[in-house]
Every structure is written in C-alpha cells, then in structure tokens.
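A closer look at the structure
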Amino acid sequence: HIMVLIGMVWLFFFNIVPMFGIVIAFEDYNPMSGLWHSDFVGMENFAYLFSMSDCKRVIINTLAIAVAKLILNIIVPLAFALLLNEIRQVKFKKAVQTIVYLPHFLSWVILATIFRNLLDTNGIANQLMMSSGLIKEPLMFLGSNKIFQGVIISTDVWKEFGYGAIIFIAALMGINPELYEAANVDGAGRLQKIWHVTLPGIRVTIVLVATLNIANILNAGFDQIYNLYSPIVYKSGDIIDTYVYRMSFINTQYSLATAIGLLKSVISFIMIVT
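Because the structure is predicted, anything quoted here is derived from the model rather than measured. (Residues numbered from 1 in each chain as written. Predicted model: local features only at pLDDT ≥ 70, side-chain atom pairs only at ≥ 80, totals over all residues. Heavy atoms only, no water.)

**Quick word on the overall build of the protein chain**
Filter applied, for reference: Starting at the N terminus, helices and strands are each numbered in turn, a helix being any DSSP run of H or I of at least four residues and a strand any DSSP run of E of at least two. C-alpha atoms define the radius of gyration, and 2.2 Å times the number of residues to the power 0.38 defines the globule rule. Partly exposed describes any residue whose relative accessible area lies between the buried limit of under 20% and the exposed limit of over 50%, with all areas from a 1.4 Å probe on protein chains only and scaled to the type maximum. Residue contacts are counted whenever heavy atoms from the two residues lie within 4.5 Å of one another. What sets the accessible areas is the Shrake-Rupley method with a 1.4 Å probe; for residues, cover comes only from the shown protein chains. Two residue types count as positive, namely Lys and Arg, and two as negative, namely Asp and Glu; His and chain ends fall outside the count. Note on charges: their place is set at NZ of Lys, CZ of Arg, CG of Asp or CD of Glu.
A tally of helices and strands in the protein chain yields 14 helices and two strands. The globule rule puts the C-alpha radius of gyration for 274 residues at 19 Å, and the 23 Å found for the protein chain is more than 25% above it. With respect to the principal axes defined by its C-alpha atoms, the protein chain has extents near 75 × 60 × 35 Å. Among the 274 residues that make up the protein chain, the fraction classed as buried is 38%. Nonlocal contacts in the protein chain, meaning residues at least 24 apart in sequence, comprise 63% of its contacts between residues at least 6 apart. A total accessible area of about 16,800 Å² is found for the protein chain, and carbon and sulfur atoms account for 69% of it. Charge-centre separation for the protein chain: the mean point of 17 positive side chains lies 11 Å from the mean point of 16 negative side chains.

This is the structure:
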C-alpha cells in the first residue's frame, strides 16, 4: 500500500488538482484577477470557438492524423510481430526486436533534427529519388501541405511499431504449441496457420490494444508535430494541441485555449466509454 501511495500522490497532484483549471473555459480569464475572481461568461468561449474558421480545419487535421496513426500503429506492429514469430533463429530474432524498438526511446527533439536533415530539399531522401529518376525536382516534405500529413504519420509509425509489437509478441508466446501441431497434422500451410491459429489466439489482445488506443483518438502527437511543422503547413499540420499551445502561450487567449482542451477531453472520454 505504501508503494501504491506514491503513485496515487503523484496522480492526485498532477492529474486531479489541475482539473480545477477547467473553470477557465467558462470565464473571461484574467491572470491578474486569478482563477476564482475572473468574470464568468458561461458558454461564450465555446460559441466563439465554433464560429471560428480555424476550428473546423484543426479538428479535421487532428482526426485525420490521429485515426491514421491509430489504425497503422495496430496493423504494422501486428504484421511485424507475425513475421518475427516465423523466424526460428532465436539470436537473430532477439537482435531484430531490440533494434526496432530502440527509436521509441528517442525524443522527437532529436528525431525531428534527423528527419529535417534527411527530408531537406538537399537531403538524402531527395538525392536518392532524383538519382534514381523517381522525381525531377526536390520535394518539400516538410513544406508541402499535400505531403506533410503523410510524413507525420509514417515517421510516427516507424518510431513506434517496434515498441508496439512487444505486446503482440508476448501474446503470441501464450498460444498453445499443440494447436500448431494439430494444424500440421491437418496439412495446414504457413499462411493457413497464421489465419486459423495465430490470429484467433491473439484476437483478445488486438481488441484490447485497439480499445485503449481509442482514448487517444484526438492525440495526434503534439511533440512530434511541434518539432516538425512550420507556418507554411498550418493548413494540413495544425492540430488541437498545437493550436491550444499557440492560443495560450503566444496569443495569451487562455479561456479559449482551455475551452478547446476541455472539448477534446470530453470527446475522448465519450469515445473510450462508448
């Protein structure tokens, strides 16, 4: 109980206490007046929020990026886990697993610098594609609204698929080997065993991971996008979190930013409960 108490104290001060700040969403917040003495305006901030032209664009960007990440961060780790499970050389299998989940532990501050260099107009990616004849002119990966979302989604999947595969690999270890032996007796091929034995054996894990990820349906990745985007790609790359950041710390519209954040939390809560 003492060990649990430490976690509960941390949870209380960093997750419960800050929730009192929600009241800012219903106020015309003035830092000089404080949290409890600012003018109460009710739902005016929300009405103003939905009247803004930027609101629809930001929500659509957030959903597009987050849903794509949610789907691919289940499919790609699952496919990788299934492929890795077919490898019989244990040392090679462990080495591959270790290498692919290492990017998870790297900060987006570091990775953003690497990707900026790789995807620059004079970077390796453009040089390789131009030398191979795929493109005639360099692509602005981080400066084009048509490409930026694809870059964000693909780099996030690359970073997380190795770490995300761990839970699927653990689930695969729990499948009874006798089922595979029975499938061999019945003359099942490798793909048939995956379809009829492996996938049914881990379907509970797949559903569990998908359900838990739904809670992050509006978390499109603030740290990643903040370190990669620029005003040029606000049209396709601006999400709720980056918009709230700019409203709060650059435009000092604290009430509006809190209203957006609260709306996001309510939608996420409804999604996970549903």
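The discussion continues.
**Remarks on the side chain of Ser 255**
Basically, it comes down to this: Two N or O atoms form a polar contact when they lie within 3.5 Å of each other; inside protein one atom must be a possible hydrogen donor and the other a possible acceptor, and for residues adjacent in sequence the pair counts only when both atoms belong to side chains.
Looking at the secondary structure, you find Ser 255 in helix α14 (residues 254-273). Reaching out from Ser 255, the side chain makes a polar contact with the backbone nitrogen of Tyr 29 at a distance of 2.8 Å. Filtering out sequence-adjacent residues up to four positions away, Ser 255 remains in contact with Ile 24, Ala 25, Glu 27, Asp 28, Tyr 29 and Asn 45.

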